[in-house]
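# Structural features, examined
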Amino acid sequence: MDSPFSRLVIKVGSGLLIGPDRQANTSFAASLAGDIAALRGAGTEVLLVSSGAIALGAPSIGLAERSQRLDELQAAASVGQVRLAQLWQSQFAVHGLAAAQLLLTLGDTESRRRYLNALDTIRVLLSRGVIPVVNENDTVATDEIRYGDNDGLAARVAQMVDADAMVLLSDVDGLYTAHPSHADARLVPRVTDIDDNIDAMVSEARSTWGSGGMHSKVAAARLATAAGVDVFVTNGTQTSCIAHWLAGGPATHFVASARPERARKRWIAGTLRPAGKLWLDAGACAALRSGKSLLPVGVQRVDGSFQRGDTVVLLDERGEEIGRGLTACDDGEARSLAGRPGDRSARRAALVHRNDLVLTERVANS
């Protein structure tokens, strides 16, 4: 399968994954797993954001329809998460792929330390060819269950991993000018600005078990495109829906407002308050300018008090700022590692990963 993307987030909702008998739609899951396996074979890293835990667990606790009680939703999720993980594990195993379950809440993508912990896990999984299957942790969530949805979670995950694009699978071809049941409704193939006119087109229709709809997809597109991620809404009811979309099938393309790297680098450089300073030798400065991560051996001095995930200023030997980054450890560990050669078995490979730093002169010239 030809793919123009190096990293792709795909989100599937309960409406597609759960059949009318309230059981998993295994034919859909098998088809999607086949498409994802083909993408992996073509060199595209894929993260799957999958709803369905509450719906899959509901029959086991006697829920005939989606409850409004938080404790019942959480109980259903605790049963359904096991079944959802088993479903995707079995479908990917057919193609020789392993699946990993990641249960996140919005706090995991908003807290910098928790964000980095999740990102570290995802990076390792992707590097090992594993398919991360992400879902909201409904078992412990509170407001997230009542008001959140996995479209928004998918957007935050796409932002976290610097995805090239995000695909939101729907039961229609994309965003229409009116409700798709209307005779005069037309598909909107491309959106460059999510303005009031786009908001007016949004349908509020929702599935029985899902919490989203086109409204949540547009909201997710607004978040993801602002972070530099292209968003596509397309029909998941098609056989081999991803292959169909990549071959030119109908979809709505929400165009990213900036490239992922630039959006992320500007966030690091300009919106976070630095908590410390790392003084670097000439070799470390040269390594950063060539696109490398900051290793402990190149750090001469550590100033300030900071925690893992805080922003630190990177200074050269003359005390001039060359960049900023998110530190992989706290100030105490940084001081103990400074100047030491790398040892992956005992110490962190990098104090600041190259994906988490920005050179000052590059931001100024971008």
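For the structure given in this document, a descriptive report is provided here. (Residues numbered from 1 in each chain as written. Predicted model: local features only at pLDDT ≥ 70, side-chain atom pairs only at ≥ 80, totals over all residues. Heavy atoms only, no water.)

Phi is positive for Asp162, close to 55°, though the residue is something other than glycine. The topology assignment puts Asp162 in the loop between helix H8 (150–160) and strand E5 (165–170). Exposure remark for Asp162: the relative accessible area of 25% places this residue in the partly exposed category. Unlike most non-glycine residues, Ser240 shows phi in positive territory, near 50°. Its place among the elements puts Ser240 in the loop between strand E7 (230–235) and helix H11 (241–246). Residue class for Ser240 comes out partly exposed when judged on its relative accessible area of 28%. (Helix = DSSP H or I, 4+ residues; strand = E, 2+ residues; numbered from the N terminus. Buried < 20%, exposed > 50% of the residue type's maximum accessible area, 1.4 Å probe, protein only.)

A word on the pattern of salt bridges. Under the counting rule described, the total for this entry stands at 14 salt bridges. A salt bridge links Asp71 to Arg69, with the shortest nitrogen-to-oxygen separation between them at 2.6 Å. Owing to a relative accessible area of 42%, Asp71 belongs among the partly exposed residues under this scheme. Sharing partners across several salt bridges, the network here consists of Asp120, Arg123, Arg308 and Asp356. (Salt bridge = Lys/Arg side-chain N within 4 Å of Asp/Glu carboxyl O.)

Turning next to the packing of aromatic side chains. The tally for this structure, following the rule as stated, stands at four aromatic pairs. Both rings, one in Phe5 and one in Trp245, keep their centres 5.9 Å apart while their planes meet at 5°; by these two values the pair is stacked. Placement of Phe5 in the segment before strand E1 (7–12) and of Trp245 in helix H11 is noted, with a sequence separation of 240 residues between them. For the pair Phe5 and Trp245, a shared accessibility class is recorded, and that class is buried. Site record: aromatic cluster; members linked through ring pairs are Phe5, Phe232 and Trp245. Residue placement shows Arg301 over the ring face of Trp279; its charged tip is 4.1 Å from the ring centre. (Phe/Tyr/Trp six-rings, centres within 6.5 Å; stacked < 30°, edge-to-face > 60°. Lys NZ or Arg CZ within 6 Å of the ring centre and 35° of its normal.)

Right, let's talk about helix H10 (residues 214–226) for a bit. When the terminal C-alpha atoms of H10 are compared, their 18 Å separation across 13 residues agrees well with the 18 Å that a helix rising 1.5 Å per residue should span. Inspection of H10 places Met214, Ser216, Lys217, Val218, Ala220, Ala221, Ala224 and Thr225 among the buried residues, and these make up the whole buried set. Buried positions along H10 lie against E1, H8, E5, helix H9 (196–201), E7 and strand E8 (251–254). One or two residues past the end of H10 sits Gly228, with phi positive at roughly 95°. (Expected span 1.5 Å × (residues − 1). Contact = heavy atoms within 4.5 Å.)

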